[in-house]
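Listed below, chain by chain, are the residues.
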Amino acid sequence: MKHPLNESLRTQVLVLPAKHGDSIIVKTFDSQANPLNIVIDGGTPGTFDEVLRREFKLIPIIDIMVLTHIDYDHIGGLIKFVKHAYFNPEQVKRYWFNSKNIKFTTVGDNIHSGHAKSFEELLIDRGNIKDKWTEDIIVGSDLKMPEGITVEVVSPSKEILDELYSKWPDLSDEYNQKLEDLSISAVKPSQILRGSLVDLSKEDDTPDKTIIEDIFNSSSIAFILRTFDMSILFLGDAHPYFIEQTLRAKEYSIGNKLKVDFVKVSHHGSKNNTTNALLDLIDCDKFVISTNGGNSTHTHPDRETLARIIHHPQRVQSKYIKKRTIYLNYPIANIEQKAGEFINEADLQQGNWELIENTGVLENE
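The rules behind these values
- Residues numbered from 1 in each chain as written.
- Predicted model: local features only at pLDDT ≥ 70, side-chain atom pairs only at ≥ 80, totals over all residues.
- Heavy atoms only, no water.
- Helix = DSSP H or I, 4+ residues; strand = E, 2+ residues; numbered from the N terminus.
- Buried < 20%, exposed > 50% of the residue type's maximum accessible area, 1.4 Å probe, protein only.
- Contact = heavy atoms within 4.5 Å.
- Pairing = 2+ DSSP bridges.
- Axes fitted to C-alpha atoms, helices over the stretch in contact; angles between N-to-C directions.
- Core = buried A, V, L, I, M, F, W, Y, C linked by side-chain atoms within 4.5 Å.
- Phe/Tyr/Trp six-rings, centres within 6.5 Å; stacked < 30°, edge-to-face > 60°.
- Arc of directions from axis to C-beta.
- Parallel < 35°, antiparallel > 145°, perpendicular 65-115°, else oblique.
- Left-handed = near helix turned anticlockwise from the far one by under 90°.
- Nonpolar A, V, L, I, M, F, W, Y, C, P; charged D, E, K, R; others polar.
- Salt bridge = Lys/Arg side-chain N within 4 Å of Asp/Glu carboxyl O.

Moving on to the overall build of the chain. A count of helical and extended segments in the chain gives 13 helices and 16 strands. For the chain, with 365 residues in total, the buried portion stands at 58%. For the chain, contacts bridging at least 24 residues in sequence account for 77% of all contacts bridging at least 6.

Below you can see the structure in the form of structure tokens.
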């Protein structure tokens with residue numbers, strides 16, 4: 001679809017090389033052809049020095065800065081941004097970040113909470129956040145957007161945030177484990193031995209943790225962004241069961257699928273964050289996985305996730321009539337150094353799909 005005022009305008013989604021994290025910049029335009037820039041997460045601390053610093057200099061205004069959740073591979077680069085000498089709080093117009101302590105701060109409570117995380121403290125000290133904070137980005141939130149652009153939140157819920165906030169003081173140890181971007185020295189074994197993609201797609205896809213047990217990722221902000229020429233489901237690190245519940249509550253079903261142009265796959269392609277049942281509710285043939293292969297604790301993507309994206313039941317039933325594309329934002333060779341071999345030529349011969357590596361910019365054709 002072309003912009004009604006300027007046919008040359010196009011939405012661009014920059015999937016930045018954020019190591020094992022996420023950092024995405026959406027550049028689009030409202031119905032009056034005014035630019036709108038949305039930053040979704042900042043990757044690891046190194047992401048700022050290597051890519052974000054340059055990209056932020058090219059954006060005079062960040063209309064919305066989204067921090068999906070408090071994992072360090074999503075907000076580490078933004079912490080460095082706010083700490084940097086050239087940080088100008090007026091560059092950022094709005095923040096979407098579910099934070100217990102800043103929520104209290106905005107209504108006048110003590111801003112020196114002993115449990116405030118470093119990012120919260122930095123924003124309180126340097127961010128000039130008054131009137132820029134959108135509290136509790138949850139399912140059902142009425143988020144005001146410029147004409148021609150809509151956002152539909154699909155995660156988290158108020159109940160999930162309440163659970164997160166109840167544990168806020170106790171999250172420090174787990175949070176601090178993410179402060180270092182640890183390298184992987186050993187060569188990871190090949191994932192090919194786990195089985196064929198067809199066989200893996202039929203195996204039990206129950207996540208290792210429930211929504212509450214995985215409260216960090218379950219609290220992730222996930223949303224559908226619709227612009228004049230693109231629709232994309234940004235899943236952050238959201239839990240698949242909650243996303244499925246939300247979509248069904250919104251009356252999406254196998255017979256009435258959510259139709260989007262792109263899906264940013266949850267949690268860097270982890271097998272615990274993508275299920276066949278969820279994929280059966282989505283009408284999309286372009287999936288994006290953001291990772292360099294992982295860190296010393298977790299490696300991604302999982303072969304099982306690719307298997308489900310290609311061979312989930314509804315796609316098998318359709319007889320693979322439409323070609324499906326999976327985009328990676330790093331070269332396959334780089335990813336395999338950390339995650340092991342996760343795909344081979346034989347896999348590409350079945351299921352009418354392709355794998356495109358080292359993708360940095362997404363646009364609709």
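Right, let's talk about the sheet that holds strand β4 (residues 64-67) for a bit. Paired through their backbone hydrogen bonds, the strands of a sheet run either parallel or antiparallel. Pairing is mixed in the open sheet, where 7 strands are placed in the order β6-β5-β4-β3-β2-β1-β16. Edge positions in the open sheet fall to β6 (133-134) and β16 (361-362), since each of these has one partner strand only. Contacts from helix α1 (residues 45-57) reach β1 (12-15), β2 (24-29), β3 (35-40) and β4, with the element oriented near 20° to β2.

In terms of nonpolar packing, the biggest core is built from 36 residues, with L233, L247 and I326 touching the most fellow members. By residue number, the principal contributor to this core is helix α11 (residues 303-311), which donates 4 residues. Residues L14, M65, W133 and F216 belong to the second largest nonpolar core, which totals 29 residues.

The element α11 is largely enclosed, with a buried count of 9 among its 9 residues. Within α11, the full set of buried residues consists of R303, E304, T305, L306, A307, R308, I309, I310 and H311. Contact partners of the buried residues in α11: α7 (197-201), α10 (276-279), β13 (286-289), α12 (313-317), β14 (324-328) and β15 (353-356).

Our next topic: the packing of aromatic side chains. Here the distance between the centres and the angle between the planes together describe a pair of aromatic rings. Within this structure, the stated rule accounts for 10 aromatic pairs. Residues F48 and F81 carry aromatic rings whose centres are separated by 6.2 Å and whose planes lie at 40° to one another, so their mutual orientation is tilted. Here F81 lies in helix α2 (residues 72-83) and F48 lies in helix α1, a separation of 33 residues in the sequence. Under the relative-accessibility criterion, F48 is labelled buried at 0%. For F81, a relative accessible area of 0% translates into the label buried.

Every buried residue of helix α13 (residues 332-339) is listed here: I332, I335 and A339. Seen along its axis, α13 keeps its buried residues to an arc of 65°; they face one direction. Where α13 is buried, its residues contact β14 and β15. Looking at the residues trailing α13, positive phi occurs at G340, about 80°.

Let's shift gears to the environment of K209. Examined against the element boundaries, K209 turns out to sit in the loop between α7 and α8 (215-218). As for K209 and H239, which are separated by 30 residues in sequence, their C-alpha atoms are 9.1 Å apart.

Here we take up the pairing of strand β7 (residues 150-155). With 5 of 6 residues buried, β7 lies mostly within the body of the structure. Where β7 meets strand β8 (residues 222-226), 5 bridges bridge the pair, whose relative direction is antiparallel. Paired with T150 across the strands is R226, a residue of β8.

Turning to unusual backbone geometry, a few remarks are in order. Residue P156 follows S155 across a cis peptide bond; omega there is 0°. Within the secondary structure layout, P156 lies in the loop between β7 and α5 (158-166). Its identity as a non-glycine residue notwithstanding, H267 has a phi of 50°, on the positive side. For H267, a relative accessible area of 14% puts it in the buried group. Here K319, not a glycine, exhibits a phi torsion of approximately 65°, which is positive.

Relative to each other, α1 and α2 sit at 60°, their axes nearing to 8 Å. If you check the angle between α1 and α2, you find them oblique. The way α1 lies across α2 gives a crossing that is right-handed. Here P45, F48, D49, L52 and F56 of α1 come into contact with α2, specifically with Y72, G76, G77, L78, K80 and F81. Of the residues that constitute the contact of α1 with α2, the class distribution is 7 nonpolar, 2 polar and 2 charged.

Attention shifts here to the environment of E90. The topology assignment puts E90 in the loop between α2 and β5 (95-97). For E90, a relative accessible area of 37% corresponds to the partly exposed category. For the pair formed by E90 and I129, sequence separation is 39 residues and the distance between their alpha carbons is 9.5 Å. Those residues in contact with E90 that lie beyond four places of it in its chain are I61, N128 and K132.

With that settled, consider the pattern of salt bridges. Across all of its chains, the model carries 19 salt bridges by this definition. Its salt-bridge partner being K80, residue D49 comes within 2.6 Å of it at the nearest N-O pair. Placement of D49 in helix α1 and of K80 in helix α2 is noted, with a sequence separation of 31 residues between them. Accessibility expressed as a relative area gives 32% for K80, which makes it partly exposed. Note that D285 is salt-bridged to K322, the shortest N-O span being 3.3 Å. Residue D285 is found in the loop between β12 (282-283) and β13, and its partner K322 is found in the loop between α12 and β14; the two are separated by 37 residues along the sequence.

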